[in-house]
Amino acid sequence: MKIMKICVFGAASDEIDNSYIKAVEEMGKTLAEKGHSLVFGAGGSGLMGAAARGFKSGGATITGVIPEFFKQGDIEAIYKECDELFFTETMRERKAKMEELADAFIVVPGGIGTFEELFEVMTLKQLCRHNKTIAIYNINGYYDAMKNMIEYSVKEGFVDENCKYLYGYCDSLDSLIDYVEANVKYDFSVEQLKNT
């Protein structure tokens, strides 16, 4: 098994059901106990904070990446126990830095920012700019509607059938860990992933 830096994308808000927070804390702790470390958006609240607390309690190294302007405003609290903290000028640079540092991506429930991060790493993988594992942790069925939307897009011809291999939907912690640690690589060309 390869020890990985795992980038977690997820909600910054605490205004969510506690079951999501508990699930992500448990995920982080379990992955940390297996030797993996965390790369994330450096937020101290919501599911970002839950991931950081979980990884920290499991003894992992935590790397945060956050735009400089977050220090000036009241946008979101920065997680105070990062082992390494990178500041960027823009949100685009933040995503690029997390993508660069990560060996794999886990997407937990989140809002618009999380959706953007998910679709960016999926698009980059579709364009063969990386071949890193992307796992969607479908806690409480949160991503069921997105799964249905993508399947409908495939059916209607907007998304190539091979794109189903770009990511995995995982409904349980065990299936998530198995999927991430399998680290399966597909050798598709751009032509095999895009309807052109």
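To be clear, the structure that these remarks concern was listed above.
Being a predicted model, the structure only gives us computed values, none of them experimental. (Residues numbered from 1 in each chain as written. Predicted model: local features only at pLDDT ≥ 70, side-chain atom pairs only at ≥ 80, totals over all residues. Heavy atoms only, no water.)

Asker: Residues and numbers for a nonpolar patch on the surface, please.
Answerer: Taken together, Phe69, Ile75 and Met91 make up a surface patch of nonpolar side chains, about 260 Å² in accessible area. Tracing the sequence through the fold places Ile75 in the loop between β3 (62–67) and β4 (84–88). (Patch = residues over 30% accessible without salt bridge, like charges linked within 9 Å, V, L, I, M, F, W, Y side chains within 5 Å. Areas by Shrake-Rupley, 256 points an atom, 1.4 Å probe, with all protein chains shown as cover. Salt bridge = Lys/Arg side-chain N within 4 Å of Asp/Glu carboxyl O. Helix = DSSP H or I, 4+ residues; strand = E, 2+ residues; numbered from the N terminus.)

Asker: Tell me about helix α5 (residues 144–155), and name the residues and values.
Answerer: Under the 1.5 Å per step criterion, the end-to-end length of α5 is 17 Å for 12 residues, consistent within 8% with the ideal 16 Å. Here α5 has its buried residues at Met146, Ile150 and Ser153. Considered in projection along α5, the buried side chains sweep an arc of 55 degrees and stay on one side of the axis. In α5, the exposed residues that point more than 90 degrees away from the buried face are Ala145 and Lys155. In the segment just after α5, Gly157 is the residue with positive phi, at about 90 degrees. (Expected span 1.5 Å × (residues − 1). Buried < 20%, exposed > 50% of the residue type's maximum accessible area, 1.4 Å probe, protein only. Arc of directions from axis to C-beta.)

Asker: Talk me through unusual backbone geometry; I want residue IDs and the actual numbers.
Answerer: The residue Ala42 is not glycine, and still its phi comes out positive at about 70 degrees. For Ala42, a relative accessible area of 0% gives the class buried. Notably, Asn183 is not glycine yet its phi reads approximately 50 degrees, a positive angle. Within the element layout of this structure, Asn183 appears in the loop between α6 (173–182) and α7 (190–193). For Asn183, a relative accessible area of 15% gives the class buried.

Asker: Report on the environment of Ala102, specifying residues and quantitative values.
Answerer: In this fold, Ala102 is placed in the loop between α3 (91–101) and β5 (104–107). On a C-alpha basis, the gap between Ala102 and Phe87 in space is 16 Å, while along the polypeptide they are 15 residues apart. Look past the residues within four positions of Ala102 in its chain and what remains in contact with it is Lys5, Cys7 and Lys132. (Contact = heavy atoms within 4.5 Å.)

Asker: Outline the sheet that holds strand β1 (residues 5–9), supporting the account with residue identities and numerical values.
Answerer: With respect to topology, seven strands assemble into an open sheet ordered β4-β3-β2-β1-β5-β6-β7, the strand pairing being parallel. With partners counted over all chains shown, the strands left at the sheet margins are β4 and β7 (168–170), one partner each. Put simply, the sheet's adjacent strands are angled 25 degrees from each other on average, direction ignored. The pairing of β3 with β4 spans five bridges and is classified as parallel. Residue Pro67 lies in a different strand from β4, and its bridge partner there is Thr88. (Pairing = 2+ DSSP bridges. Axes fitted to C-alpha atoms, helices over the stretch in contact; angles between N-to-C directions.)

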